[in-house]
Amino acid sequence: MSNPTFRGWLLDLYLNQQDGLTLWFISESDDSRVCFTQRFPVTFYAAGASDDLRRLWKALRKEPGVTKLARQQKQDVFVVDPVDVLAIDVDTPAHQVELFHRLEDQFPTLIWYDADVTISTRYIARYGAFPLALCQLEADSQNRIQSLETLNSRWDVMPALPPLRILELAPDVDPTHSTVQALNLRSDRFSQSLPLDEHGSYLHTINAALSAYDPDILVTDWGDSWLLPFLLRQSEQLGIPLALNRDPSRPVRWQKEITYFSYGHIIFRPEEAHLFGRCHVDRKSAMMWSDYSLAGTLEMARVTTLPIEKAARVSPGQGISAMQVITALQKDILVPYQKRQVEEFKSGLQLIQSDRGGMIYQPKVGLHSDVAEVDFVSMYPAVIIHGNISPEVPLPDVLTPASEELGVVPLTLKPIYEKRVALKVKARSYPPDHPMAKTLKARSSALKWLLVVCFGFLGYKNARYGRIEAHEAVTKGGREVLLRAKEVAEEEGFEVLHMYVDALWLRKKGCSKPEHFEDVMHKISSRTGLAIALDGIYRWVAFLPSKTDPRVPIPNRYFGVFQSGEIKVRGLEARRRDTPRWIAQAQTEMLTCLGQAKNRAELPEALHAAFHVYEQAVKRLKQSQVPPELLVVNGKVSYALEAYKSATASVRAARQLQAAGMQIRPGQRVRFLFMQGEPDVYAWELGGQVDPAKLDQHKYLELLAKAGGSVLQPFGIDPQVLMEWTLKGGVQLPLDTWNKTLLEV
Amino acid sequence: MDTDFSLIPFKDPLPTGLLVFIGQHALTEKMLELVAALALKQRVTILDCGNRSNMYAVAKTIRPYTSDPAAVMANIRLSRAFTCYQVLAMLEAVAAAPPHEPLIVLDLLATFLDEDVELKDSQRLLTRSLTCLRRLSQSAPVVVSAKPVPQISAARTGFLDQLRSFSDVHWEEPPALPAEQGLQPTLFA
């Protein structure tokens, strides 16, 4: 026996046609990477009419690879009594996948369970092992695992993690816009720029780095869409082999591009390159990279049990879905292949009463000082856990659970919620700029996203454990919580300036320190049963009105400065993904100037500084001093181009790309510049130099004036007047109103 | 209720049978007017297959005609399906205890056009759903609305033909005139 007992961290796991599974571990003792195989028979189930089940049994009796057939009774989450099923045991997971797809066609009326559960989910349900889990195993001389034990838990707050080898590979420029001249190769041991010469010497260098350094994670930029396809193409053309996989028997696996609908947006995900034995993470495809980077990605993989490559790319909803399936498997509940459970009949009146969202209390437009923002800690997940809201459990009476035993959904969420709280507490024990504080914050952020999507997922059509009534029960609970909080606040003499789903903005004369709000928060928490936290106390906060009608307040559109000096902005141009970087920067700088004011007396000076920033921005734009790349608009096309009857700027730019031979998919981002004359837009991905003098200055001034107007409006500057001043000049700005406005704060 | 249905041939009372109406947005506005008109007089069952049951619109429509809008809204019984598997399950459940009041099916084909479901599966589920509807239409009026199949789902255009072939009566909204051939002449040629 070469490895009688082995301890190491699980890095990768995938199907293996012959042996069942291939598993790669990072050794705990000698830093080696070791490959094992493991037999892994799986079971799936069919339910339906007795005759159909009998026909299925007959068809499978002599099927190679089917090791056992048995009639059993199992629990379907949506059915009260156990259902009769035919359990089909298959020798390998690969065989199960192939067999199921055949049977699905052959027996279309049968109901299937546990039929499409991913291998990583099945594995954790059986062995408790997840990505980067520390395991102890015994294997035979052929490295075939005989037994495996998981030594840590995915809920550990400070787990022992392996020393990962990370290799970064990225082109020197954005390949969608410019011609790549070199590739940058970097690890903790070396850093190198590799010119793209015609002989392909860069391929030799990459190969050498892959072989000598043997990375666990290959982190790339545009790896899926450009870099790996380019390298593989060059490798083939130049006849220089490129060993991207650690498993030499496998080629790179390409996952098809997809377009899908999520939270009201059409999203395009390009083709993905997956490796075997090591992981490929493309920072440009990694959905939440900017939010939680590699530390958060690894946390996401550990907690959801999704493979690292997948956890980096998919939405948190898929993570929640995988976790719910694990909960179901561990509770011996069937995992439906297709959800058939439908909404119970309602009257028209009941639909009006139940089909509502979160509670919103319109803000009091204008500038306010000494305002506390308090919000419920992960309110919807807390309502789900507190009210035990799950599709298979009777719904609560608003917030009072109907059953003690937690259902699949709250059972899945509870440990995430608790771990996030523990991570936040741990992070606070480090100084804010300590690397560990940043890592803990990133991990906490990954969990936050899982908690955020869990509510939406309850109402998602394809969620296996979704149910529209449960989804509605959550918003109902949330509304009740906020109303109770408002009652408490008003009883305590606070003025509620704004409420938005899970947050309240409170003000009371003489209250300007955290301790002044402790009592009311404690009372809110005890009346609602949910934890509430003080987000901060604003020195001042401005709630903004509608752009089209200044009398109409807009919820969640505000900016303000906390006593710590931190600026908080919601609903402004700087927060929008399509706003040109330069406009967003100008607006942020204006806000930073305002943030310098420590009290009301300092505001006039700060306002003048902010206005100066604005003036300078206008001047630079008028003098064509702004680099075009900072003025790129990040647009999007939601439908196939031929479906558009009237073309927006994004669509006009996308059509230019299409005319240049590029493929445009619904949900794809399209970057463009506004230009003078015709065509009035220029698609950024067409490449080439853009003369700043030919940009549509008027259009950019308009965008700048809108962004500036949002910031200056609460201080008495009419956005329309600012727009006129910006575009035409010669208009007298009523700057004297500033002081008057500030006196009223 | 004096509702103008002149552009759409709803007869009062609705005849027993499978009546199919096809138009932009699955003729939702008109269908909800029909729901309102029926609810003022009797119970009506809605099977919403395309998230079209805007009950606020129905409540607004009935308001001038009743002093008890809550009672009228209680005459409406509805259930929503968000996948074609749920549509079939919903229809089979209804067919097990067929209602005697009119059954309105809103935007029947919406979920069958979902590209996440393979064409052959959608086809199979639609055939079974239509068979259910056919059976239901023998005991009460069944009104089905659908929208034209968009270009992006061209492979599923046959679904609309299949729906027509199952119907006793079908009515289709005339295609909109192109803007440049509109009926309104320009004032200043």
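Residues numbered from 1 in each chain as written. Chains lettered and ligands numbered in written order. Predicted model: local features only at pLDDT ≥ 70, side-chain atom pairs only at ≥ 80, totals over all residues. Heavy atoms only, no water.

Our focus in this paragraph is the overall build of chain B. When you go through chain B residue by residue, the secondary structure sums to 6 helices and 6 strands. In sequence order, chain B lays out its α and β elements as β-α-β-α-α-β-α-β-α-β-α-β. The burial tally for chain B puts 51% of its 189 residues in the buried class. Pairs at least 24 apart in sequence give 82% of the contacts found in chain B among residues at least 6 apart. With an accessible surface of roughly 9200 Å², chain B has 55% of that area assigned to carbon and sulfur atoms. (Helix = DSSP H or I, 4+ residues; strand = E, 2+ residues; numbered from the N terminus. Buried < 20%, exposed > 50% of the residue type's maximum accessible area, 1.4 Å probe, protein only. Contact = heavy atoms within 4.5 Å. Areas by Shrake-Rupley, 256 points an atom, 1.4 Å probe, with all protein chains shown as cover.)

Residues and elements named next belong to chain A. Domain parsing of chain A yields domain 1 (6-39 + 129-147), domain 2 (166-215 + 217-277), domain 3 (354-571) and domain 4 (628-744). Taken together, the contacts link 9 residues of domain 3 with 6 residues of domain 4. Summed over both partners, the interface of domain 3 with domain 4 buries about 600 Å², with 69% contributed by carbon and sulfur atoms. Connecting domain 3 to domain 4 are 0 salt bridges. Here domain 3 and domain 4 share 1 residue pair in polar contact (both at pLDDT 80 or more) between them. Contributions of two or more residues to the side of domain 3 that touches domain 4 are made by strand 24 (532-545) and strand 25 (553-562). The element that contributes the greatest number of residues to the side of domain 3 that touches domain 4 is strand 24, accounting for 4 residues. Tallied by class, the residues present in the side of domain 3 that touches domain 4 amount to 7 nonpolar, no polar and 2 charged. (Domains from an automatic or database assignment. Buried area = accessible area lost by both parts, 1.4 Å probe. Salt bridge = Lys/Arg side-chain N within 4 Å of Asp/Glu carboxyl O. Polar contact = N/O pair within 3.5 Å; in protein donor to acceptor, adjacent residues only side chain to side chain. Nonpolar A, V, L, I, M, F, W, Y, C, P; charged D, E, K, R; others polar.)

The next point concerns a positive patch on the surface. All names here are of chain A. A grouping of Arg54, Lys58, Arg61, Lys62 and Arg71 is seen on the molecular surface, where their side chains present a positively charged patch. Along the chain, Arg54 turns up in helix 1 (residues 50-60). Judged by its relative accessible area of 47%, Arg54 falls in the partly exposed class. (Patch = residues over 30% accessible without salt bridge, like charges linked within 9 Å, V, L, I, M, F, W, Y side chains within 5 Å. Lys, Arg positive; Asp, Glu negative; His and termini not counted. Charge placed at Lys NZ, Arg CZ, Asp CG, Glu CD.)

Relative to the assigned elements, Ser129(B) resides in helix 5 (residues 119-136). Setting aside anything within four residues of it in sequence, one finds Ser129(B) in contact with Val87(B), Leu88(B), Leu91(B) and Phe112(B).

Moving on: the interface of chain A and chain B. With 24 residues of chain A at the interface, the matching set in chain B holds 28 residues. Across the interface of chain A and chain B, roughly 2300 Å² is buried in total on both sides, 58% from carbon and sulfur atoms. Where chain A packs against chain B, one counts 5 salt bridges. A salt bridge links Asp105(A) to Lys120(B), with the nearest nitrogen and oxygen atoms 2.8 Å apart. Mapped by element, the contributors of at least two residues to the side of chain A that touches chain B are helix 2 (93-106), strand 19 (346-347), helix 9 (348-354) and helix 13 (468-491) of chain A. At 4 residues, helix 9 of chain A tops the list of elements feeding residues into the side of chain A that touches chain B. Here the side of chain A that touches chain B is built from residues that sort into 7 nonpolar, 6 polar and 11 charged. Looking at chain direction, strand 19 of chain A and strand 3 (residues 76-80) of chain B are connected through 2 bridges and run antiparallel. (Pairing = 2+ DSSP bridges.)

All names here are of chain A. Phe376, Leu413, Leu504 and Val520 are the most contacted members of the largest nonpolar core, which has 86 residues in total. At 11 residues, helix 12 (residues 435-458) tops the list of elements feeding residues into this core. Among the domains, domain 1 (6-39 + 129-147) and domain 3 (354-571) are the pair contributing at least three residues each to this core. Other than its neighbours up to four places away in sequence, Phe376 contacts Val481, Leu482, Ala485, Asp502, Leu504, Ile524, Thr528, Leu530, Ala531 and Ile532. Leu367, Leu594, Leu657 and Met723 belong to the second-largest nonpolar core, a separate cluster that totals 62 residues. (Core = buried A, V, L, I, M, F, W, Y, C linked by side-chain atoms within 4.5 Å.)

On to the side chain of Asn207(A), then. All names here are of chain A. Within the fold, Asn207 resides in helix 4 (residues 201-213). Asn207 sits in the buried class, given a relative accessible area of 17%. Those residues in contact with Asn207, other than ones at most four positions away along the chain, are Ile240, Pro241, Leu242 and Ala243.

Per the counting criterion, the structure on display carries 58 salt bridges over all chains. Lys547(A) is the partner of Glu573(A) in a salt bridge, and the nearest nitrogen-oxygen pair spans 2.8 Å. You can see Glu573(A) sitting in the loop between strand 26 (567-570) and helix 15 (581-595) and its partner Lys547(A) sitting in the loop between strand 24 and strand 25, a full 26 residues away along the chain. Judged by its relative accessible area of 55%, Lys547(A) is exposed. Residues Asp161(B) and Arg164(B) are paired through a salt bridge, measuring 2.6 Å at the closest nitrogen-oxygen approach. A residue pair is termed a helical-turn pair when its members lie 3 or 4 positions apart in one helix, as Asp161(B) and Arg164(B) do in helix 6 (residues 158-166) at 3 residues. Under the relative-accessibility criterion, Asp161(B) is labelled partly exposed at 43%. For Arg164(B), a relative accessible area of 23% puts it in the partly exposed group. Here the residues in one salt-bridge network are Asp31(A), Arg33(A), Arg165(A), Asp214(A), Asp216(A), Arg246(A) and Arg278(A), joined through shared partners.

The subject of this paragraph is the sheet that holds strand 28 (residues 669-674) of chain A. Residue and element names in this part refer to chain A. An order of 27-28-29 is seen for the 3 strands of this open sheet, with the pairing classed as antiparallel. Here the strands that pair on one side only, and so sit at the sheet edges, are strand 27 (633-636) and strand 29 (681-683). Direction aside, neighbouring strands of the sheet carry axes that sit 45° apart on average. Where strand 27 and strand 28 come together, 4 bridges link them in antiparallel fashion. The partner of Gly635 across the bridge, within strand 28, is Val670. Sheet strands touched by helix 18 (residues 697-712): strand 27 and strand 28. Its angle to strand 28, the strand with the most contacts, is close to 110°. (Axes fitted to C-alpha atoms, helices over the stretch in contact; angles between N-to-C directions.)

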